[in-house]
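This is what each chain is made of:
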Amino acid sequence: MKFFLKTIALLLFTASLLTIGVNGIDVSARSAVLIEADTGDVIYNKHADERMSMASTTKIMTALVAIENGDLSKEVSVAEEACGIEGSSIYLTPGEVLTLEDLLYAVMLESANDAAAAVAYEIAGGIEPFADLMNETAARLGLLGTHFTNPHGLDEADHYTTALDLARLAAYALENEQFKTIVSTYKKQIPLSGDEGTRVLVNHNKLLRLSEDVIGVKTGFTKHSGRCLVSAAERDGVRVIAVTLNAPDDWNDHLTLHELGFSEYESYTLAEPGEFTVEIPCTGANGGLIMLQNRDGLSLTMKRGKEITHEIIADHLLFAPVEIGEELGAVVFYCDGLEIGRVPLYSTVEVAQPEETPPFYQKILDLFR
């Protein structure tokens, strides 16, 4: 009996370990990942490379492909084949006219499968050719664990992804302002069959109401896949992407993961515009010197507690002519001995070529010949 109880206890302890990531965070998901969006750093990983069903998180790629290949202002006549798709729907009717943008709001807020199909027929002429575009985009982004067979996410054997691929896809898609605007919208009105009224679309992503930090991205569910969720959150210049697949408690999982990301990363302002100046001797300049200055600022997201150093790189002596705004140096930033960024230094004045070179500068010039 004692042996039996010890065995049960060991099995329960082992099972609990399998639900705890490297950071000691416990999530309900079968597969989960948290990344920092700018660097792509993986902060939390739980079976993140396992191929799994993705349900309607598929529609992240659907929207991205439509935005990259279509005109959002274009009016779309809904194909008959797109109507009556099972699952979530806004009950499109054949020949109904909506803009591509309206359809994408329906896809991403109401998770409308008929709207996703309508997008596929508009962009590529059908489900299969649109899936080809989705797979081409996945290959271009290096999403090697992902394959699409449809634009809506209904279960099919060859329709799968990984949590890490979804996170990387979301990070890329959020760089597109049109995509970001759509997925961060909580409520939107679009036409109902022309002039018959309006449809009110409400975003299924409850995190938009639960947290001021959340800016998207997409929910998903089928009986086979379980609850799937991709979310993005921003705080103080840091953006994190969380993905959970087959997660019974996904809302809390994501809020926990967001806090983990914000506790480990921060946005460093390395340079403000005009912060760095340096005076360099220059032939023909008024007073013999010209000033170089940075125009651009630079911020980077990195792990907290990092020590950052910098050096100014520029010639010790400049020779006329010099144009105003000419790039003549740089401020280079380092962390742990590696370059992490740089901002150019530009001349703030113009120095014309002198008609006659003063003897002192002529001697210097001769040294460089």
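Presented here is a report on the structure given in the accompanying data block. The structure displayed is predicted, hence computed values, not measured ones.

1. Topic: the overall build of the chain
For step 1, the next point in the chain: When helices and strands are tallied, the chain shows 10 helices and 16 strands.
For step 2, the next point in the chain: Across the 369 residues that make up the chain, the buried fraction comes to 49%.
For step 3, the next point in the chain: The long-range fraction of contacts in the chain, counting pairs at least 24 apart against all pairs at least 6 apart in sequence, stands at 61%.
For step 4, the next point in the chain: In the structure as shown, the chain presents an accessible area of about 18200 Å², 51% of it carried by carbon and sulfur atoms.

2. Some details on the sheet that holds strand E1 (residues 31-36)
For step 1, the next point in the chain: Strands sit in the order E2-E1-E9-E8-E7 across an open sheet of 5 strands; the sheet is antiparallel. The open sheet has two free edges, formed respectively by strand E2 (42-46) and strand E7 (214-222), since each of these has just one partner strand. Neighbouring strand axes in the sheet, compared pairwise and without regard to direction, differ in orientation by 5° on average.
For step 2, the next point in the chain: Both E1 and strand E9 (residues 238-245) contribute to a ladder of 6 bridges, which runs antiparallel. Across the sheet, the residue bridging to Leu34 is Ala242, located in E9.

3. Considering the sheet that holds strand E16 (residues 338-347)
Where strands meet in a sheet, backbone hydrogen bonds hold them as pairs that are either parallel or antiparallel.
For step 1, the next point in the chain: Across the sheet, which stays open at both edges, the 5 strands sit in the order E11-E12-E16-E15-E14 with antiparallel pairing between neighbours. At either margin of the open sheet sits one strand with a lone partner, and together these are strand E11 (277-281) and strand E14 (308-314). Ignoring which end each strand starts from, the neighbouring axes of this sheet average 30° apart.
For step 2, the next point in the chain: The pairing of E14 with strand E15 (residues 327-335) spans 7 bridges and is antiparallel. Looking at the pairing, Ala314 lines up with Gly329 of E15.

4. Digging into the layout of surface pockets
Vacant regions in the atomic arrangement are exposed by a probe of water-molecule size rolled over the atoms.
For step 1, the next point in the chain: Roughly 260 Å³ of internal volume is contained in the largest pocket.
For step 2, the next point in the chain: Along its surface, the largest pocket is lined by 20 residues, and Ser56, Ser88, Ser111, Gly220 and Phe221 are the ones closest to its centre.
For step 3, the next point in the chain: Taken together, the elements giving at least two residues each to the lining of the largest pocket come down to E7, strand E8 (226-235) and helix H9 (250-264).
For step 4, the next point in the chain: For the lining of the largest pocket, the leading source of residues is E7, giving 5 residues.

5. Here we look at the packing of aromatic side chains
For step 1, the next point in the chain: For the coordinates displayed, the defined rule picks out 1 aromatic pair.
For step 2, the next point in the chain: Relative to Phe333, the ring of Phe276 lies with its centre 6.0 Å away and its plane at 70°, an arrangement referred to as edge-to-face. Taken together, the residues Phe276 in the loop between strand E10 (265-271) and E11 and Phe333 in strand E15 connect sequence positions 57 residues apart. Each member of the pair, Phe276 as well as Phe333, is classed as buried.

6. Some details on unusual backbone geometry
For step 1, the next point in the chain: The residue after Ala320, namely Pro321, is reached through a cis peptide bond having omega 5°.
For step 2, the next point in the chain: With respect to the helices and strands, the residue Pro321 is situated in the loop between E14 and E15.
For step 3, the next point in the chain: Its identity is not glycine, yet Ala55 carries a phi of approximately 50°, on the positive side.
For step 4, the next point in the chain: Of note, Ala55 is situated in the loop between E2 and helix H2 (59-69).
For step 5, the next point in the chain: You can call Ala55 buried: its relative accessible area is 1%.
For step 6, the next point in the chain: With phi around 55°, Asp336 is a residue other than glycine that occupies positive phi space.

What counts as what
Residues numbered from 1 in each chain as written. Predicted model: local features only at pLDDT ≥ 70, side-chain atom pairs only at ≥ 80, totals over all residues. Heavy atoms only, no water. Helix = DSSP H or I, 4+ residues; strand = E, 2+ residues; numbered from the N terminus. Buried < 20%, exposed > 50% of the residue type's maximum accessible area, 1.4 Å probe, protein only. Contact = heavy atoms within 4.5 Å. Areas by Shrake-Rupley, 256 points an atom, 1.4 Å probe, with all protein chains shown as cover. Pairing = 2+ DSSP bridges. Axes fitted to C-alpha atoms, helices over the stretch in contact; angles between N-to-C directions. 1 Å grid on protein atoms, 1.4 Å probe; cavity = no way out; pocket = protein on both sides within 12 Å on 5 of 7 lines; lining within 4 Å. Points joined across faces, edges and corners; volume = space filled by probe spheres on them. Phe/Tyr/Trp six-rings, centres within 6.5 Å; stacked < 30°, edge-to-face > 60°.

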